[in-house]
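Listed below, chain by chain, are the residues.
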Amino acid sequence: AAEPWPENAALYQQLKEEQILLSDNASSLAVQAFLQMCNLPIQVVCRANAEYMSPSGKVPFIHVGNQVVSELGPIVQFVKAKGHSLSDGLDEVQKAEMKAYMELVNNMLLTAELYLQWCDDVTVEEITHPRYGSPYPWPLNRILSYQKQWEVRRKMKAIGWAGKTLEQVLEDVDQCCQALSQRLGTQPYFFNKQPTELDALVFGHLFTILTTQLTTDELSEKVKNYSNLTAFCRRIEQQYFEGHDKDSSATVAARSAKRSLLR
Amino acid sequence: MAAPMELSCWGGDWGLPSLHPESLTVMAYAKFSGAPLAVNTISNSWRAPKGDVPVLISEDIVISQPAKILNFLRKQKYNADYELSAKQGADTLAYIALLEEKLLPALLHTFWVESENYCSVTKPWFASRIPFPLSLYLPGKMSREALNRILLTRGGPPPYSLIEVEAQIYRDAKECLNLLSKRLGTSQFFFGHTPTTLDAFVFGFLAPIYKVCFPRVQLQEHLKQLPNLCRFCDDILTCYFRLTVSGHSPAGQDTADANLQKLTQLVNKESNLIEKV
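The residue numbers shown here count from 1 along each chain, following its written sequence. Ligands are numbered from 1 and chains lettered from A, in the order in which they are written. At least 70 in pLDDT is required for a residue's local features to be given in this predicted model, at least 80 for side-chain atom pairs to be given and counted, and no such filter applies to totals for whole chains, interfaces and linings, which use all residues. Based on all heavy atoms of the structure, the side-chain values leave hydrogens and waters out of the count.

## So, unusual backbone geometry
- Between Val59(A) and Pro60(A) the backbone carries a cis peptide bond, its omega angle lying at 0°.
- Secondary structure elements are defined from DSSP: runs of H or I of at least 4 residues count as helices, runs of E of at least 2 residues count as strands, and each element is numbered from the N terminus. With respect to the helices and strands, Pro60(A) occurs in the loop between α2 (50-53) and β3 (61-64).
- The omega torsion of the bond from Trp138(A) to Pro139(A) falls at 0°, within 30 degrees of zero and hence cis.
- When you line up the elements, Pro139(A) lands in the loop between α5 (121-132) and α6 (140-159).
- Look at Lys77(B): it is not a glycine, yet its phi comes out positive at around 70°.
- When you line up the elements, Lys77(B) lands in the loop between α2 (66-75) and α3 (86-113).

Dropping the structure here:
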């Protein structure tokens, strides 16, 4: 029989106020939302070297018992093995749809966030470089952020996004939001009454985009165009993140992010 | 009348109009939407392919990626998605993302990275269609690009290692095939009775896996266990690509296709029987 969920389960991410970037914040919030929806308690622990501690190199990762699992997909599988699942009530076709929409978010929204953070020169200079290496002394901070930038740009080139302009990327974000908005329609969640991991993932990304201040507002404007998406984010925030005393990470993240991220 | 449009892409074999998934997607979409495309397959006599393939040339406009080509065709009023609802349009985007994230890595691996497949099938085939001396360089470059793409998108932290990734990408691809099969169910196409953009993309990705004869075929074997997807590919091949190309008379092509279909069905039945034993 699987072990029950321990009390001291922890989620590791980078430092909230000074270091974490848009895409990592979105991924972390998605996992936190998912665990809240499953009613599994988790403590958020911020470490400057979270990325290096993670088994796959990506944040967030959770430390449960003596196991370490990173990224939303494997975490969902892990939680399912422990007996908690949000998507059991879906039939096969709906499960296929849910997985397809999750890939859409990863393919378009996450890639667009990475592009904006690491390939748009203005954002890189003013926000990413100062934040990414901030816990470390010079010259380590510059070296680490240049290294990461090189990695991300290589990836963008391999998937064909290096040739895109910022306008084209924002167009793609708009297309993705339009698809999500049309799929959501007037329902409270993507699969009507009950939230699933898709709702957690979409919430994580959209909420972070809406509440993070960047050099321009163009990205959040794209999301704000769709009122059912903003209502969706507000609904999940109210239901799963407010009213928890400490560690309401979404509200803390929102408050800290609303302050300017520009140095 | 729209200006004449010309599509330059990789040619076909094993009963397919093209081996290249992106070329196949564009050709299928053109057939579905009724766009009059003159298809030029790249062969030794054609000028060397530079940049991306497939490429659509219409008067002075040159467009290269499948998504952009399809957009262009839609603007020219060749729209296969006319009858789709907004939600179905959204589903299309989502499923295409699923194909690109989960199926494409394994497809690239089967064609370009798996060494037996690459050396005995892919490299000779592509090299024979590229003029010398590019034939010595271009297939290798395509192989390195495929490996790069797989490692950068699915690999763990650097230094990237292929072995850990291989098992995962094939697992993901098989899961993706299962999901597609469940979504298709018993209908003829993904959204009812008429084929749409999604059908073009799925066909483009599945048909090469289904038809090309490789020495290492784990993905093909998995696909053959999903009869509705096989039927989907065969239907599109017989209905929309009957009049393909390369010097065969339509009647000849018809009987060839019909024979191929019968043979495939027999082989499938045989393999099913053998598995049951």
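## Remarks on the UniProt feature "domain: Metaxin glutathione S-transferase" (unreviewed entry) in chain B
- Residues annotated by UniProt as "domain: Metaxin glutathione S-transferase" (unreviewed entry) correspond here to residues 173-236 of chain B.
- Across residues 173-236 of chain B one finds 69% helix and 0% strand; the C-alpha atoms that close the span lie 22 Å apart. UniProt positions are given in the numbering used here, feature names are shortened, and annotations may be inferred rather than shown by experiment.

## Notes on the interface of chain B and chain A
- Counting from both sides, the interface comprises 25 residues of chain B and, opposite them, 24 residues of chain A.
- Simply put, the buried area is the total loss of 1.4 Å probe accessible area from both parts when two parts are fitted together. Taken over both partners, the interface formed by chain B and chain A buries close to 2300 Å², and the fraction arising from carbon and sulfur atoms is 62%.
- In terms of surface lost to chain A, no three residues of chain B exceed Leu93(B), Leu152(B) and Lys182(B), which account for 22% of the buried area on that side.
- Throughout this description, the term salt bridge denotes a Lys or Arg side-chain nitrogen within 4 Å of a carboxyl oxygen of Asp or Glu. Our count for the chain B to chain A interface comes out at four salt bridges.
- The partner of Glu103(A) in a salt bridge is Lys102(B), with the nearest N and O atoms 3.7 Å apart.
- Pairs of N or O atoms are called polar contacts if they sit within 3.5 Å, as long as, within protein, a hydrogen donor faces a hydrogen acceptor (for residues adjacent in sequence, only side-chain-to-side-chain pairs). The interface formed by chain B and chain A contains seven residue pairs in polar contact (both at pLDDT 80 or more).
- Counting only elements with at least two residues in the side of chain B that touches chain A, the list comes to α3, α5 (134-154) and α6 (162-184) of chain B. In what follows, residue pairs with any heavy atoms lying within 4.5 Å of each other are defined as contacts.

## Regarding the sheet that holds strand β2 (residues 43-46) of chain A
All names here are of chain A.
- Only strands that DSSP links by at least two bridges are regarded as paired with each other. Spatially, β2-β1-β3-β4 is the arrangement adopted by the four strands of the open sheet, whose pairing is mixed. One side of each edge strand has no neighbouring strand; the edge strands of this open sheet are β2 and β4 (67-70). Strand after strand, the sheet turns through a mean of 25° between neighbouring axes, direction not considered.
- Bridge analysis of strand β1 (residues 10-13) against β2 gives four bridges, and the strand direction is parallel. The partner of Ala-10 across the bridge, within β2, is Gln-43. Angles shown run from 0 to 180 degrees and are taken between the N-to-C directions of axes, each axis being a line fitted to C-alpha atoms and, for helices, limited to the stretch in contact.

## Remarks on the UniProt feature "domain: Metaxin glutathione S-transferase" (unreviewed entry) in chain A
- In this structure's numbering, the residues bearing the UniProt feature "domain: Metaxin glutathione S-transferase" (unreviewed entry) are residues 174-236 of chain A.
- The span residues 174-236 of chain A is 68% helical and 0% strand by assignment, and the distance between its end C-alpha atoms comes to 22 Å.

## Digging into the packing of aromatic side chains
- Stacked, tilted and edge-to-face pairs are distinguished by plane angle, under 30 degrees for stacked and over 60 for edge-to-face with tilted covering the rest, among Phe, Tyr and Trp rings (Trp via its six-membered ring) whose centres lie within 6.5 Å. Summed over all chains, the structure comprises 14 aromatic pairs over all chains.
- Summarising the aromatic geometry, the rings of Phe190(A) and Phe232(A) are spaced 5.5 Å apart at their centres and angled 80° between planes, so their arrangement reads as edge-to-face. Here the residue Phe190(A) occupies a position in the loop between α7 (166-184) and α8 (197-211), and Phe232(A) occupies one in helix α10 (residues 227-241), the gap between them amounting to 42 residues. Of the two residues examined, Phe190(A) and Phe232(A), each falls in the buried class.
- Judged by centre distance (5.6 Å) and plane angle (20°), the rings of Phe203(A) and Phe241(A) are stacked. Here Phe203(A) is found in helix α8, whereas its partner Phe241(A) is found in helix α10, with 38 residues between them in sequence. Here Phe203(A) matches Phe241(A) in class, with each residue buried.
- What links up through ring pairs into an aromatic cluster is the set Trp10(B), Trp112(B), Tyr118(B), Trp125(B) and Phe126(B).
- Any Lys NZ or Arg CZ found within 6 Å of a ring centre and within 35 degrees of that ring's normal is scored as a charge over the ring. Directly above the ring of Phe191(A) sits Arg183(A), whose terminal nitrogen or CZ lies 4.9 Å from the centroid. Each residue is assigned to one of three classes by its accessible area relative to the maximum for its type, calculated with a 1.4 Å probe on protein chains only: buried under 20%, partly exposed between the two thresholds, exposed over 50%.

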